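# Examining the three-dimensional arrangement
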Amino acid sequence: MMIKKIDSPQNTLIKSIVQLQEKSRNRRQSGAFVIEGLREIELATKGGYKLKTLLFNADLVSEASLRPYTSRDTELIEISKEIYQKLAYRDTTEGVIAIANTKSLSLEDLKLSDNPIILVAEATEKPGNLGAILRTADAANIDAVIIANPKSDIYNPNVVRSSVGCVFTNQIAMASTTDAIAFLKEHNINIYCATLQDSTSYHTRDYKEATAFVVGTEATGLTQEWRDASTKNIIIPMSGVIDSMNVSVAASILLFEAKRQRDFK
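Residues numbered from 1 in each chain as written. Predicted model: local features only at pLDDT ≥ 70, side-chain atom pairs only at ≥ 80, totals over all residues. Heavy atoms only, no water.

The five strands lie next to each other as β1-β4-β3-β5-β2, forming an open sheet whose pairing is mixed. The sheet terminates laterally at β1 (3-6) and β2 (32-36), the two strands that pair on one side only. This sheet shows a mean twist of 25° between the axes of neighbouring strands, independent of strand direction. For β1 and strand β4 (residues 75-79), the ladder comprises four bridges, and the chain directions are parallel. Across the sheet, the residue bridging to K5 is E78, located in β4. Taken strand by strand, helix α1 (residues 12-22) contacts β1, β2, β3 (51-56), β4 and β5 (96-101), and its axis lies near 90° from that of β2. (Pairing = 2+ DSSP bridges. Helix = DSSP H or I, 4+ residues; strand = E, 2+ residues; numbered from the N terminus. Axes fitted to C-alpha atoms, helices over the stretch in contact; angles between N-to-C directions. Contact = heavy atoms within 4.5 Å.)

Rendered as structure tokens:
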């Protein structure tokens, strides 16, 4: 495989990578996104993502160590330290950045077990929260994450980074709330909405059958459409002054209660 070299930060490809990092519109139009770090690249390839380009700084990583992540169609480019520092979000990464193709994120692509656990996050805006939700979903090894009425692009570098690569280890779908509800009902999945209104304590419910937990934003909670579609509204009892907690923390509590009830299987 021939290796190209780029030394100028003004190179057209380097400028386009910066645009991919900064603008979701560019990611949508090109069908590509940026991955930084060896661990994340490894998880992406295991998750079936195709790498278009690998850029590396030879002072930080050897070309030979990247061969397992390349295919016949992967372009390998050596970049200067100046360019790497221009592209890298983190101070301590392994000297490698990849451009990968995005995947279809439709509900129809989800492959569910006979008795699934699903997490639905409606209109999560902060990339850090979305990344943390994906980490939790991976830790609990649930079937899928559905992002309803999405406000954040899962290929945003901040989501990839805050998820520590779990954006690649989860089955993810993006859909409108209406379509997500229709999907869950079509598959006979119980819908448990985390909301203050008309709710019972989460630990009193039985999650041994097909279950979807639905969490909303900390500011406004879930839309009425979810509350109307709910099998049961649930609440996490809180003893402090405030009446809400971080959405990723709430998701963790609910998912691991379901896993506990199922003997963590």
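Now for a nonpolar patch on the surface. Residues M238, V241 and I242 make up a contiguous nonpolar surface patch of roughly 340 Å² in combined accessible area. One can find I242 in the loop between β12 (232-235) and α9 (247-261). What makes I242 exposed here is its relative accessible area of 59%. (Patch = residues over 30% accessible without salt bridge, like charges linked within 9 Å, V, L, I, M, F, W, Y side chains within 5 Å. Areas by Shrake-Rupley, 256 points an atom, 1.4 Å probe, with all protein chains shown as cover. Salt bridge = Lys/Arg side-chain N within 4 Å of Asp/Glu carboxyl O. Buried < 20%, exposed > 50% of the residue type's maximum accessible area, 1.4 Å probe, protein only.)

A word on the environment of S80. Positionally, S80 belongs in the loop between β4 and α4 (81-87). A relative accessible area of 16% means that S80 is categorised as buried. Separated by 19 residues in the primary sequence, S80 and I99 have C-alpha atoms spaced 17 Å apart. Apart from the residues within four sequence positions on either side, S80 is in contact with I6, D7 and N57.

The next point concerns the sheet that holds strand β8 (residues 172-175). Pairing is parallel across the open sheet formed by seven strands, whose spatial order is β8-β7-β6-β11-β9-β12-β10. A single partner strand is all that each edge strand has here, and the edge strands are β8 and β10 (199-201). Averaged over all adjacent pairs, the angle separating strand axes in this sheet is 30°, with direction ignored. Note: strand β6 (residues 117-122) against strand β7 (residues 144-148), five bridges, orientation parallel. Of the residues in β7, the one forming a bridge with I118 is A144.

Right, let's get into the domain arrangement of the chain. Taken as a whole, the chain is organised into domain 1 (4-101) and domain 2 (107-262). Computed over C-alpha atoms only, the centres of domain 1 and domain 2 are separated by 31 Å. Between domain 1 and domain 2, the buried area comes to about 1,100 Å², and carbon and sulfur atoms account for 66% of it. Inspection of the region where domain 1 meets domain 2 yields one salt bridge. R27 is paired through a salt bridge with D153; the nearest N and O atoms lie 2.6 Å apart. Linking domain 1 with domain 2 are two residue pairs in polar contact (both at pLDDT 80 or more), by the criterion used here. Those elements that provide at least two residues to the side of domain 1 that touches domain 2 are α2 (24-30), β2 and α3 (38-46). Top contributing element to the side of domain 1 that touches domain 2 by residue count: α3, with four residues. Here the residues of the side of domain 1 that touches domain 2 sort into six nonpolar, three polar and four charged. (Domains from an automatic or database assignment. Buried area = accessible area lost by both parts, 1.4 Å probe. Polar contact = N/O pair within 3.5 Å; in protein donor to acceptor, adjacent residues only side chain to side chain. Nonpolar A, V, L, I, M, F, W, Y, C, P; charged D, E, K, R; others polar.)

Burial within strand β11 (residues 211-215) is extensive, with five of its five residues counted as buried. Bridge count for β6 against β11 is five bridges, and the pairing is parallel. Across the sheet, the residue bridging to L119 is F213, located in β11. Bridge count for strand β9 (residues 190-194) against β11 is four bridges, and the pairing is parallel. Note on β11: the bridge partner recorded for C193 is V214.

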